[in-house]
Amino acid sequence: MTPPLHIGPHTVQPPVVLAPMAGITNAPFRTLCREFAEGGRGYGEGAPTGTPTPTGATTTGTPTPRANGTADRTGTADRTGTTGRGLFVSEMITTRALVERNAKTMQLVHFDDSERPRSVQLYGVDPVTVGKAVRMIADEDLADHIDLNFGCPVPKVTRKGGGSALPYKRPLLRAILHEAVGNAGGLPVTMKMRKGIDDGHLTYLDAGRIAVDEGITAIALHGRTAAQHYGGTADWDAIARLREAVPEIPVLGNGDIWSADDALRMVRETGCDGVVVGRGCLGRPWLFGDLVAAFAGEGEEAYARPCFGEVARVMLRHATLLGEWLGDEARGVIDFRKHVAWYTKGFSLGSQARQRLAVAASLEELAGLLDAVDPDEPWPHGADGPRGRTHSRNKVVLPEGWLDDPYDCAAGIGAEAEVDTSGG
Ligand SMILES: Cc1cc2nc3c(=O)[nH]c(=O)nc-3n(C[C@H](O)[C@H](O)[C@H](O)COP(=O)(O)O)c2cc1C
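Residues numbered from 1 in each chain as written. Predicted model: local features only at pLDDT ≥ 70, side-chain atom pairs only at ≥ 80, totals over all residues. Heavy atoms only, no water.

A. Geometry of the pairing of strand E10 (residues 219-225). In terms of residue burial, E10 counts as a mostly covered element, since 7 of its 7 residues are buried. Pairing of strand E9 (residues 189-196) with E10 involves 5 bridges; the strand directions are parallel. Looking across to E10, one finds that Gly-196 is bridged to Thr-225. The handedness of the E9 to E10 crossover, carried by helix H7 (residues 204-213), is right-handed. The β-α-β motif built from E10, the intervening helix H8 (residues 236-245) and the parallel element strand E11 (residues 251-254) has right-handed crossover chirality. (Buried < 20%, exposed > 50% of the residue type's maximum accessible area, 1.4 Å probe, protein only. Helix = DSSP H or I, 4+ residues; strand = E, 2+ residues; numbered from the N terminus. Pairing = 2+ DSSP bridges. Right-handed = clockwise from strand over helix to strand, strands pointing away.)

Here it is as structure tokens:
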């Protein structure tokens, strides 16, 4: 049995984490994934059914110890611990927009009442602004756990030295982590990163040691370089190497987990303390039920194989929750459009019907179109493999001279490196 993951005072059992995904892992999607993790096999019929577990995670009242070796420079009392079946991280929130209380950003810091712990991911390039954002979260009790994103490979960000380009500048990375941990008021701070810029400029082992020095609680490693973007395969050996390099804190492995069995295999092959699952659950939030079953040793028979009718009910529920979250049913349906291809992947749906679903403008229209699918069509096995982004890029765009000296931060990073962007 894989031991639980401890993120500061929070216990995560099984040790599975929903990867932050910009535009995807908002409160509605997190709720769906969590319901399935909690034993829900309701496929859209509302509250989870099956194994009765408390809604959301429970407040234990007894804080568990901090992760071994986690330096506590904050001098504040431990926060109340929670126990959850999985950890469900928000999409990335830029620190500048947060401290400016940008309305759209404030909406992203929304958690459903039942979400515990509330995990927020921040992205920032300026130590002072990151510190202010973290302090705001702690002071205003906006979250229970803060994750910092250093994995974004998007050119408009790396061009300015942000995202996955940033850990190359070791002193800057250290300064950001220092400010974050120092301002967190006892909240656990974790970080997520890639292996480095490219194979010639790997940064993850140095970054890991810096993270330990600065009191980071856990590290998630996506086993790709920025140059790989989402192409090729994730390097799980790198996860094993990081595990060895930072024995003091938990290491979470990330990259190419498409099934619950992949998650078990990653733990077995790398020794990682938990797994972070992203694209595999796009249009498949029930993967979290499979993950819970797999870590409980239940085997493949316990995995979800929803028929089209069940998938359709999840789709409708997802769109409904989005509308409630956005305060506007039609906006919810429009936001849901990006999920249609993932949910319907592999089902025998003509291209016209798929297209109509992807442009539905109201819940009524969406429901009508979903009524027309064959509810008994079984889960298409071909739909289990890779989904979402899979493309690669040839080169990482960086500021001029960026690679000349990992310790020279004189040029600083432009504020443009913190543009609202699409993630990791
Ligand atoms: C649409 C999309 C948005 C993403 N947004 C973020 C983000 O906001 N923050 C982050 O750290 N990673 C982000 N990522 C990266 C994922 O968290 C994850 O590291 C990556 O997809 C690899 O894991 P996977 O193979 O399980 O998908 C994003 C990925 C995708 C596909």
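B. Here's a closer look at the packing of H8 against helix H9 (residues 260-270). Two numbers describe how H8 lies on H9: the axes approach to 9 Å, and their chain directions differ by 50°. Taken together, H8 and H9 sit at an angle that is classed as oblique. For H8 against H9, the interelement crossing comes out right-handed. Contact with H8, carried on its side by Trp-236, Ile-239, Ala-240 and Arg-243, involves Asp-262, Arg-265, Met-266, Glu-269 and Thr-270 of H9 and no other residues of that element. Its residues assigned to classes, the contact of H8 with H9 shows 4 nonpolar, 1 polar and 4 charged. (Axes fitted to C-alpha atoms, helices over the stretch in contact; angles between N-to-C directions. Parallel < 35°, antiparallel > 145°, perpendicular 65-115°, else oblique. Left-handed = near helix turned anticlockwise from the far one by under 90°. Contact = heavy atoms within 4.5 Å. Nonpolar A, V, L, I, M, F, W, Y, C, P; charged D, E, K, R; others polar.)

C. Up close: the side chain of His-145. Secondary-structure assignment places His-145 in strand E8 (residues 145-150). Taking relative accessible area as the criterion, His-145 reaches 3% and is therefore assigned buried. Here the side chain of His-145 touches Ser-119 through a polar contact of 2.8 Å, side chain to side chain. (Polar contact = N/O pair within 3.5 Å; in protein donor to acceptor, adjacent residues only side chain to side chain.)

D. Representation of H8. Inspection of H8 places Trp-236, Ala-238, Ile-239, Ala-240, Leu-242 and Arg-243 among the buried residues, and these make up the whole buried set. As for H8, its buried residues are in contact with E9, H7, E10, E11 and H9. Two or three places before Asp-237, at the start of H8, stands the capping residue Asp-235, its side-chain oxygen 3.0 Å from that residue's backbone nitrogen.

E. View of the confidence of the model for the protein chain. Overall, the predicted model of the protein chain reaches an average pLDDT of 89, with 89% of residues at or above 70. Across residues 44-77, confidence stays below pLDDT 50; counting only partners more than four residues off in sequence or on other chains, it has 79 contacts. (pLDDT = per-residue confidence, 0-100.)

F. Here's a closer look at the side chain of Thr-105. Assignment of secondary structure puts Thr-105 in helix H3 (residues 103-108). Each residue touching Thr-105, except ones within four places of it in the same chain, is listed here: Ile-93, Thr-94, Ala-97 and Leu-98.

G. Quick look at the packing of aromatic side chains. Taken as a whole and assessed by the stated rule, the structure comprises 7 aromatic pairs. Each ring, one from Phe-347 and one from Trp-379, has its centre 5.9 Å from the other, and the planes form 80°; the classification is edge-to-face. Linking Phe-347 in the loop between helix H13 (340-344) and helix H14 (351-358) with Trp-379 in the segment after helix H15 (363-371), this pair joins segments that are 32 residues apart in sequence. Assessed through its relative accessible area of 3%, Phe-347 is described here as buried. Grouping aromatic residues by their ring pairs yields a cluster made of Phe-36, Trp-286, Phe-308, Phe-336, Tyr-343, Phe-347 and Trp-379. Lying across the ring of Tyr-230, Arg-194 places its NZ or CZ 5.1 Å from the centre. (Phe/Tyr/Trp six-rings, centres within 6.5 Å; stacked < 30°, edge-to-face > 60°. Lys NZ or Arg CZ within 6 Å of the ring centre and 35° of its normal.)

H. Here's a closer look at the site of the ligand. Around the ligand there are 20 residues in total, and Gln-121, Lys-192, Asn-254, Asp-256 and Arg-279 lie nearest to it. Taking Pro-20, its main chain carries an N or O atom lying 2.8 Å from an oxygen atom of the ligand. Asp-256 places a polar main-chain atom, nitrogen or oxygen, 2.7 Å from an oxygen atom of the ligand. Alone, the ligand offers 610 Å² of accessible surface; in the complex the protein occludes 98% of this. A per-class count over the shell around the ligand returns 7 nonpolar, 9 polar and 4 charged. (Near = heavy atom within 4 Å. Areas by Shrake-Rupley, 256 points an atom, 1.4 Å probe, with all protein chains shown as cover.)

I. The arrangement of the sheet that holds E9 in detail. Strand order in the closed barrel formed by 8 strands is E3-E6-E7-E8-E9-E10-E11-E12, with parallel pairing between adjacent strands. Each strand of the sheet is rotated relative to its neighbour by a mean of 30°, with strand direction disregarded. With 3 bridges joining them, E11 and strand E12 (residues 274-277) adopt parallel strand pairing. Note that in E12 the partner of Gly-253 across the bridge is Val-275. Strand contacts of helix H1 (residues 27-37): strand E3 (16-18) and strand E6 (87-94), with the helix running at about 165° to E6, the strand carrying the most contacts.

J. Fine view of the nonpolar core. Of all hydrophobic cores here, the largest spans 116 residues; its most connected members are Leu-148, Met-191 and Val-275. In terms of residue count, helix H11 (residues 308-326) provides more of this core than any other element does, 10 residues in total. (Core = buried A, V, L, I, M, F, W, Y, C linked by side-chain atoms within 4.5 Å.)

K. Expanded view of the environment of Ile-249. If you trace the backbone, Ile-249 turns up in the loop between H8 and E11. What makes Ile-249 buried here is its relative accessible area of 2%. Along the chain, Ile-249 and Ile-7 lie 242 residues apart, while their C-alpha atoms are 9.4 Å from each other.

L. Expanded view of the pattern of salt bridges. For the structure on display, the rule yields 21 salt bridges. Of the charged contacts, one joins Arg-135 and Asp-139 as a salt bridge, the two residues approaching to 3.6 Å between their closest N and O atoms. Of the two residues, Arg-135 and Asp-139 both sit in helix H4 (residues 127-139), 4 residues apart, roughly one turn of that helix. Its salt-bridge partner being Glu-248, residue Arg-209 comes within 3.0 Å of it at the nearest N-O pair. Of this pair, Arg-209 sits in helix H7 while Glu-248 sits in the loop between H8 and E11, placing them 39 residues apart in sequence. Taking relative accessible area as the criterion, Arg-209 reaches 33% and is therefore assigned partly exposed. Members of the salt-bridge network, linked through shared partners, are Arg-118, Asp-141 and Asp-144. (Salt bridge = Lys/Arg side-chain N within 4 Å of Asp/Glu carboxyl O.)

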